[in-house]
Amino acid sequence: MARGGGKGLSLKDKLDGNELDLSLCNLNEVPVRELANLPKATVLDLSCNNLTSLPSDFCSLMHLVKLDLSKNRLQQLPLDFGRLVNLQHLDLLNNRLVTLPVSFAQLKNLRWLDLKDNPLDPVLAKVAGDCLDEKQCKQAAVKVLQHMKAIQYEQDRQRQQKLQAEREMEKKREAEQRAKEAQERELRRREKAEEKERRRREYDAQRAAKQEMEKKTKKETVQPRKPASSSRPTQPPRHRHSWSRSVLRVLLCVLLCVLLAVAACKLTELRRQALCISISTLFEDVVAALQNHKTLQNMLQQNSQQ
């Protein structure tokens, strides 16, 4: 790396044991790829450069134990800065940092920290302290880690609450959806039941109308037979009338013959004969008997009425 870009610079030439000094190189960016090829460089000095930010892949340099980023222009650290879990010594003196990433709480091996001369958030600045000596810098590491862990815990708690609220909301939506589906099913069931009831009533009405029509048809079919059945009791009088008429005709014929015989006996020369005398006497007796006979009178009366 050339000065300002870093290209053409051999990092191996600057490696002294496990220490790699890249300070005062006027660097605008960190040669992460070249650094990744030097896992032995556990101590890295990038102080007094022009770094305004660190690339995200810088956090892949997990072999770093001591890192000096002082006197740069860093405005923020990568969000996953906490991946540098082996880091024990961190110098961020004289940068432009306001806050630290929450992942900073994962630097469980951090024992020394300097955050002086940064426009830190007042709460973070109070926690970090002055770091004027070794003891204060060690206390700063402990207190800042605790502070960041508290922030991480609070964020995790809020995240969990948010997730819980989202789950509750999702459950509520699912419950509302199930209730809506249940209402729709109940509505469809009622509509189906009402439709079945309507069809049953229609069927019963049609069946009742059909039965009524059958009864009416049967009644109309049976009615013409009634006069025949009602006339049956009157048939015997017709027979009786016919019989009485026949008898009456016979009697009239007999009577006519007798009258003729009587007339012959009375009007002709035969009236003096013994036969005519007997006939006249018998005729008079028969007429007298017939006039007193009730049955004959009734027959004569009925015949006269007809």
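The rules we used
Residues numbered from 1 in each chain as written. Predicted model: local features only at pLDDT ≥ 70, side-chain atom pairs only at ≥ 80, totals over all residues. Heavy atoms only, no water. Disulfide = S-S within 2.5 Å. Buried < 20%, exposed > 50% of the residue type's maximum accessible area, 1.4 Å probe, protein only. Helix = DSSP H or I, 4+ residues; strand = E, 2+ residues; numbered from the N terminus. Polar contact = N/O pair within 3.5 Å; in protein donor to acceptor, adjacent residues only side chain to side chain. Contact = heavy atoms within 4.5 Å. Pairing = 2+ DSSP bridges. Expected span 1.5 Å × (residues − 1). Core = buried A, V, L, I, M, F, W, Y, C linked by side-chain atoms within 4.5 Å. Patch = residues over 30% accessible without salt bridge, like charges linked within 9 Å, V, L, I, M, F, W, Y side chains within 5 Å. Areas by Shrake-Rupley, 256 points an atom, 1.4 Å probe, with all protein chains shown as cover. Salt bridge = Lys/Arg side-chain N within 4 Å of Asp/Glu carboxyl O. pLDDT = per-residue confidence, 0-100.

### Looking at the state of the cysteines
Moving on, step 1. Counted according to the given criterion, the structure contains one disulfide.
Moving on, step 2. There is a disulfide in this structure between cysteine 131 and cysteine 137, and the S-S distance comes to 1.7 Å. Taking the torsion about the S-S bond as the criterion, the cysteine 131 to cysteine 137 disulfide, at about 105 degrees, is right-handed. Of the two residues, cysteine 131 and cysteine 137, neither departs from the other in class, the shared state being buried.

### Observations concerning the environment of arginine 33
Moving on, step 1. Structurally, arginine 33 is set in helix 2 (residues 32-36).
Moving on, step 2. On the basis of relative accessible area, arginine 33 is assigned to the exposed category, the value being 70%.
Moving on, step 3. Between the C-alpha atom of arginine 33 and that of leucine 61, which follows or precedes it by 28 residues, the distance is 9.5 Å.

### Section: the side chain of asparagine 72
Moving on, step 1. You can see asparagine 72 is positioned in the loop between strand 4 (66-68) and strand 5 (89-91).
Moving on, step 2. The class of asparagine 72 is buried, set by a relative accessible area of 6%.
Moving on, step 3. For asparagine 72, the side chain forms a polar contact with the main-chain nitrogen of leucine 51, separated by 3.1 Å.
Moving on, step 4. When near neighbours in sequence (up to four residues on either side) are disregarded, asparagine 72 contacts Leu46, Ser47, Cys48, Asn49, Asn50, Leu51, Asn94 and Asn95.

### Digging into the sheet that holds strand 2 (residues 19-21)
Moving on, step 1. Reading across from one edge, 1-2-3-4-5-6 is the order of the six strands in this open sheet, with mixed pairing throughout. Each of the sheet's edge strands pairs with one partner strand only, and the pair in question is strand 1 (15-16) and strand 6 (112-114).
Moving on, step 2. Strand direction decides the pairing type here: strand 3 (residues 43-45) and strand 4, joined by three bridges, are parallel. Residue pairing in the sheet places aspartate 45 in a bridge with aspartate 68 of strand 4.

### Points about helix 4 (residues 134-222)
Moving on, step 1. Taking 1.5 Å per residue as the helical rise, helix 4 with its 89 residues ought to reach 132 Å, and the 128 Å between its terminal C-alpha atoms agrees with that figure.
Moving on, step 2. Looking only at helix 4, the buried set comprises Cys137, Ala140, Ala141, Val144, Leu145, His147 and Met148.
Moving on, step 3. Tucked into the core, helix 4 has its buried residues touching strand 6 and helix 3 (122-128).

### Topic: the environment of leucine 97
Moving on, step 1. Its location among the elements puts leucine 97 in the loop between strand 5 and strand 6.
Moving on, step 2. Sequence spacing of leucine 97 and aspartate 121 is 24 residues, and the spatial spacing of their C-alpha atoms is 8.8 Å.
Moving on, step 3. If we ignore the near neighbours within four places in the chain, the residues touching leucine 97 are Leu74, Gln75, Gln76, Leu77, Leu92, Asn118, Pro119 and Leu120.

### Considering the nonpolar core
Moving on, step 1. Core analysis: the biggest nonpolar cluster contains 42 residues, and Leu46, Phe58, Leu67, Phe81, Leu100, Phe104 and Val144 have the highest contact counts within it.
Moving on, step 2. Looking at this core, the elements that each hand over two or more residues are helix 2, helix 3 and helix 4.
Moving on, step 3. The element contributing the most residues to this core is helix 4, with four residues.

### Notes on unusual backbone geometry
Moving on, step 1. With phi around 60 degrees, aspartate 117 is a residue other than glycine that occupies positive phi space.
Moving on, step 2. For aspartate 117, a relative accessible area of 55% corresponds to the exposed category.
Moving on, step 3. You will see that cysteine 131, though not glycine, has its phi angle at about 55 degrees, which is positive.
Moving on, step 4. As for its placement among the helices and strands, cysteine 131 is situated in the loop between helix 3 and helix 4.

### A few points about a nonpolar patch on the surface
Moving on, step 1. On the surface, Leu252, Leu255 and Leu259 cluster together into a nonpolar patch covering about 230 Å² of accessible area.
Moving on, step 2. Note on placement: leucine 252 falls in helix 6 (residues 235-267).

### Focus: the confidence of the model for the protein chain
Moving on, step 1. Averaged over every residue, the pLDDT of the protein chain is 84; the share at 70 or more is 81%.
Moving on, step 2. Scored below 50 in pLDDT, residues 1-8 makes 17 contacts in the model with residues more than four places away or belonging to other chains.

### Some thoughts on the pattern of salt bridges
Moving on, step 1. All chains considered together, the criterion is met by 14 salt bridges.
Moving on, step 2. Between glutamate 170 and arginine 173 there is a salt bridge, with its nearest N and O atoms 2.6 Å apart. Placement of both glutamate 170 and arginine 173 in helix 4 is noted, with a separation of three residues, approximately one turn of the helix.
Moving on, step 3. For glutamate 170, a relative accessible area of 33% translates into the label partly exposed.
Moving on, step 4. Arginine 200 is the salt-bridge partner of glutamate 197, the closest N and O atoms lying 2.4 Å from each other. Of this pair, glutamate 197 and arginine 200 both sit in helix 4, three residues apart, which is roughly one turn of the helix.
Moving on, step 5. The class of glutamate 197 is partly exposed, set by a relative accessible area of 29%.

### Notes on the environment of glycine 82
Moving on, step 1. As for its placement among the helices and strands, glycine 82 is situated in the loop between strand 4 and strand 5.
Moving on, step 2. Classification of glycine 82 as buried rests on a relative accessible area of 0%.
Moving on, step 3. When the C-alpha positions of glycine 82 and serine 103 are compared, they lie 4.5 Å apart, and in sequence the two are 21 residues distant.
Moving on, step 4. Those residues in contact with glycine 82 that lie beyond four places of it in its chain are Ser103, Gln106 and Leu107.

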